[in-house]
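# Descriptive analysis of the structure
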Amino acid sequence: MPLDLPTMLWVMTLSCLVLSASVLFVNGSPRSDDGMAAWGWSMLLHGLSYPAFALRLYGWLGASILLANLFASATMALQLLAIWQFQRASVPPLRRWLLWLPVLATVTVGGAFMHDHPLRQTLLAGCGMLQAGLLVWQAGLPGLRHAHEKGRRLLWLGSLGLMAVFLTRALLVFPGGDWQRQVSIPYEVQSFTYLGALLVMLLNNVGFVLMHKERAVAAQRELAARDPLTGIANRRALMEALQHQVAVATRRQTPVSVLMIDIDFFKRVNDRHGHLAGDAVLCALAERIGRRLRAQDILGRYGGEEFMILLPHTDADGAVRLAEDLRRQVEQAPIAFNGADIPVTLSIGVHTRVPEPGPDAGDAMLAAADRALYAAKTSGRNRGEFAGA
């Protein structure tokens, strides 16, 4: 049974308006800079493009051509803006006026070639392919990778599908065009174009919303794994990393080292300089230690004034050498806070082993490193101690 074009247009209009209202209701503030508001308005314009096209069914051909193409082109421009806003921290700045050049070109073509149906349809299809190509490019930029991979893929595939819709439309125009009808190309071609565009826009809509969800989930995971003061791994993340590194070292039979670090007499810092100074000391030490580590090493705040470092593929000599370097660097460079230099020293416990299979291997390493730290503190502090297996 052939598709009834007027009925399909109104169904599509309602679908887009419901999607637009949903997106704008969730996050449609004009001040929103995550792209959601721009995306919601793009869906609204996409919905309005269908009744604008329907105007030609009632004799308003010129207004229909201009408005339908304006709304459709502006839809893609706003979606480009939304994607850029979503990833703006990871990509170069965008000259926004460039987004609207294809829109201006579309309206110009629609007005200049209003009565040259074959040329107008071909040029408009070319403008649509250009904008769809820009969507494909934006969807593949590095800022959308990794954490947002599934949403990015949906958006990329949808935008690629939009290019295919415009290309197919251009190829189907000339063989079957009846240029004297109100709908200047066959109903079948027009129905395919609008139905295909709607399906693609729905796919893009799911992809864009999914990217927001994936980013929110990634942010929650990041917060759950990070110490809120220093920004390094928290105790929970450290324990998970320890179990993972021990499992890898057990399988490969390679050494792994653990350093337990305690700030000597940290309570005196808080008592003499205040708790803000104590926080500053913790943050400064986390930064200093982090600069000294390799990319594969893991630094975290174990609790209070204690830090912990995991050193994969590191033998005892390397771990002891690192501990001494850190101790010396901290001792020689007091931490500045509010015009005062706060001297800080560290006690460090070091333990290295090639783990044996067993569920308690990580706990055993942690206990050994803690014993070494206790030995360093009871032996006068400001020193490192090594504990064997």
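For the structure itself, look to the data block above.
So, here's what we can say about the structure. (Residues numbered from 1 in each chain as written. Predicted model: local features only at pLDDT ≥ 70, side-chain atom pairs only at ≥ 80, totals over all residues. Heavy atoms only, no water.)

## Description of the packing of helix α9 (residues 266-273) against helix α10 (residues 275-292)
In the contact formed by α9 and α10, the axes pass within 6 Å of each other and the chain directions differ by 135 degrees. Considering the angle they form, α9 stands oblique to α10. Contacts from F266, V269, N270 and H273 of α9 reach α10 at H275, A277, G278, V281 and L282. Taken together, the residues of the contact of α9 with α10 break down into 5 nonpolar, 4 polar and no charged. (Axes fitted to C-alpha atoms, helices over the stretch in contact; angles between N-to-C directions. Helix = DSSP H or I, 4+ residues; strand = E, 2+ residues; numbered from the N terminus. Parallel < 35°, antiparallel > 145°, perpendicular 65-115°, else oblique. Contact = heavy atoms within 4.5 Å. Nonpolar A, V, L, I, M, F, W, Y, C, P; charged D, E, K, R; others polar.)

## Details of the pattern of salt bridges
All chains considered together, the criterion is met by 12 salt bridges. A salt bridge links R294 to D297; the shortest N-O distance between them is 2.7 Å. Classification of R294 as partly exposed rests on a relative accessible area of 35%. One salt-bridge network, in which partners are shared between bridges, spans R292, E324, D325, R327, R328 and E331. (Salt bridge = Lys/Arg side-chain N within 4 Å of Asp/Glu carboxyl O. Buried < 20%, exposed > 50% of the residue type's maximum accessible area, 1.4 Å probe, protein only.)

## Here's the deal with a nonpolar patch on the surface
Residues W97, L98, L101 and L104 make up a contiguous nonpolar surface patch of roughly 420 Å² in combined accessible area. Along the chain, L101 turns up in helix α4 (residues 96-112). (Patch = residues over 30% accessible without salt bridge, like charges linked within 9 Å, V, L, I, M, F, W, Y side chains within 5 Å. Areas by Shrake-Rupley, 256 points an atom, 1.4 Å probe, with all protein chains shown as cover.)

## Some points on the side chain of Q85
Looking at where Q85 falls in the secondary structure, it is placed in helix α3 (residues 61-86). Classification of Q85 by relative accessible area gives buried; the value is 10%. Those residues in contact with Q85 that lie beyond four places of it in its chain are D33, D34, G35, A38 and R96.

## Brief notes about the pairing of strand β1 (residues 256-263)
Counting buried residues along β1, 8 of its 8 residues qualify, which places the element largely inside the surrounding structure. Residues V256, V258, M260 and D262 line one face of β1 and the alternating positions S257, L259, I261 and I263 line the opposite face, and both faces are buried. Where β1 and strand β3 (residues 306-312) come together, 7 bridges link them in antiparallel fashion. Along β3, the bridge assignment pairs V258 with L310. By the bridge criterion, 8 bridges tie β1 to strand β6 (residues 346-353) in an arrangement that is antiparallel. The residue bridging I263 from the neighbouring strand is L346, located in β6. (Pairing = 2+ DSSP bridges.)

## Focus on the sheet that holds strand β7 (residues 384-387)
Strand order across the open sheet formed by 5 strands is β2-β3-β1-β6-β7, with mixed pairing between neighbours. Two strands lie at the open edges of the sheet, namely β2 (298-303) and β7, each paired on one side alone. Direction aside, neighbouring strands of the sheet carry axes that sit 20 degrees apart on average. Looking at chain direction, β6 and β7 are connected through 4 bridges and run parallel. Looking across to β7, one finds that V350 is bridged to F386. Relative to β2, helix α8 (residues 235-252) is tilted by about 130 degrees, and along the sheet it contacts β1, β2 and β3. Across the sheet, helix α12 (residues 361-378) touches β1, β2, β3, β6 and β7, and the angle it forms with β6 is around 145 degrees.

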